[in-house]
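# Residue-level structure breakdown
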Amino acid sequence: MSAPGTPRRTDVVVVGGGVMGSSAAWALARRGVDVVLLERFAPGHDLGASHGSSRIYRSTYAQPHHQALVAEARRLWTELEAETGTTLLHPAPGVSTAGPSGEPRLREVAAAMASAGVPHEWLTAAQAEERWPGMRFPGPVLHEPHTAGRLDADAAVTALQTAAERHGAVVRHHRRVTAVEAAGDGVVVRSAAGGAVRARTAIVAAGAWTADVLGDLVPLPALRVTQEQPAHFAPVTDGLEWPAFTADPEPAGGRPSGVYGLLSPDGVKVGFHGTGPEVHPDRRSRTAEPGQLAQLQEYVRRWLPGLDAGSPEPISCTYTSTATGEFVLDRVGPVVVAAGFSGHGFKGATAIGRVLADLATGTEPGADRFRLAAHAVAG
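Scope of this entry: the structure provided in the associated data block. Nothing here was measured: the structure is a model prediction, and the numbers come from that model.

## Side note on helix H2 (residues 64-84)
For H2, with 21 residues, the first-to-last C-alpha span of 30 Å sits near the 30 Å given by 1.5 Å per residue. What H2 keeps buried is the set His65, His66, Gln67, Leu69, Val70, Glu72, Ala73, Leu76, Trp77, Leu80, Glu81 and Thr84. In the stretch just after H2, Gly85 is the one whose phi turns positive, near 65°.

Listed below in structure tokens is the structure:
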């Protein structure tokens with residue numbers, strides 16, 4: 001047993017118990033690696049980016065590497081469900097649509113899905129509206145019948161931590177990390193609770209707090225933290241089927257970004273993508289910005305007539321985004337950085353956890369596209 005004041009020793013310490021850190025802890029513990037996970041807040045908190053009952057999962061990516069990550073993650077989510085006896089994936093049809101200017105990109109997505117062997121089909125707007133009468137579509141619809149739906153975010157984080165502990169990981173909540181320090185051939189991670197953990201490697205997956213945790217230890221790219229405000233809308237008619245959906249706006253449409261949506265236990269969740277006000281995660285209002293909420297209601301009123309646009313229930317969460325929308329998954333000395341998931345990383349989290357475990361153990365060097373060198377470092 002360590003003497004008082006002596007740092008606990010482990011192979012890998014993970015900073016951040018959201019979906020990415022928890023996935024990394026599960027991946028490491030399954031391999032028999034000694035791992036300690038430190039999470040700042042209580043279990044089930046709603047202060048970051050991994051809470052709630054609904055995250056969209058889908059395969060509608062034009063990039064082959066994202067196709068591969070999503071496919072691997074879906075398999076791993078299923079393994080986690082079997083391991084914990086928890087239902088995490090709730091399948092639903094997936095649809096993506098766009099107006100004339102966005103159709104070429106949608107065709108690229110379909111080509112990538114074909115190359116990856118993901119079943120899909122094209123529907124006309126009229127065909128899609130006949131199947132999903134609560135929706136309207138501005139152009140052709142890319143239908144993903146078998147590989148889309150909803151992930152239960154809260155249940156996913158709980159299942160990952162439970163599974164990690166069953167494999168021997170130590171999970172500690174209420175541990176706000178105050179410093180990550182290089183020490184010899186490893187790191188020492190200190191927390192406000194007064195404890196410290198010494199490890200060969202630290203994985204920092206602290207979401208919106210990444211820059212605060214790392215300080216000057218690792219040169220980070222610009223990470224834009226925003227307060228996002230999707231909302232739940234109630235269906236006006238019972239019994240309608242609601243697919244998981246994405247829609248690209250026309251430039252003249254007056255909306256700030258594309259839109260996504262999915263059925264959740266609280267209604268149909270609809271939101272813009274990465275358009276909220278910039279914030280520090282400890283100083284955000286958690287209140288919907290009125291102008292964007294009005295724009296979201298206008299979108300629902302025009303394109304989702306099966307929902308009650310007049311009574312939204314806003315949700316507050318954070319995005320931490322890079323300039324390119326690509327992730328940061330890289331190792332600098334004894335520190336692995338996982339950051340910048342840009343509002344679309346959750347669905348791939350179990351595969352990202354595997355990548356982080358590879359980086360932490362030196363199994364694989366990681367892909368160049370995710371390295372810090374591929375991102376402009378903040379000045």
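## Quick notes on the packing of aromatic side chains
Scanning the entire structure with this criterion turns up four aromatic pairs. Ring geometry for Phe327 versus Phe341: centroids 5.1 Å apart, planes at 50°, classification tilted. Within this pair, whereas Phe327 is found in the loop between strand E19 (317-321) and strand E20 (328-332), its partner Phe341 is found in the loop between strand E21 (335-339) and helix H8 (349-361), the two being separated by 14 residues in sequence. Exposure remark for Phe341: the relative accessible area of 13% places this residue in the buried category. The structure contains a cluster of three or more aromatic residues connected by ring pairs, namely Phe327, Phe341 and Phe370. Here the guanidinium or amino end of Arg55 rests over the ring plane of Phe346, the centre of that ring lying 5.4 Å away. For Arg107, the ring lying beneath its charged end belongs to Trp122, and the centroid distance is 3.9 Å.

## Remarks on the sheet that holds strand E8 (residues 149-151)
The sheet built from three strands is open, its strands ordered E3-E8-E4 with antiparallel pairing. Of all the strands in the sheet, the pair left with one neighbour each is strand E3 (55-57) and strand E4 (89-91). Ignoring strand direction, the axes of neighbouring strands in this sheet form an average angle of 30°. As judged from the three bridges shared by E3 and E8, these two strands associate in the antiparallel manner. Directly across from Arg55, in E8, lies its bridge partner Leu151. On top of the sheet, H2 reaches E3, E4 and E8; it is set at about 120° to E4, its chief contact.

Rules of the game
Residues numbered from 1 in each chain as written. Predicted model: local features only at pLDDT ≥ 70, side-chain atom pairs only at ≥ 80, totals over all residues. Heavy atoms only, no water. Helix = DSSP H or I, 4+ residues; strand = E, 2+ residues; numbered from the N terminus. Expected span 1.5 Å × (residues − 1). Buried < 20%, exposed > 50% of the residue type's maximum accessible area, 1.4 Å probe, protein only. Phe/Tyr/Trp six-rings, centres within 6.5 Å; stacked < 30°, edge-to-face > 60°. Lys NZ or Arg CZ within 6 Å of the ring centre and 35° of its normal. Pairing = 2+ DSSP bridges. Axes fitted to C-alpha atoms, helices over the stretch in contact; angles between N-to-C directions. Contact = heavy atoms within 4.5 Å.

By themselves, these figures tell us nothing about what the structure is for.
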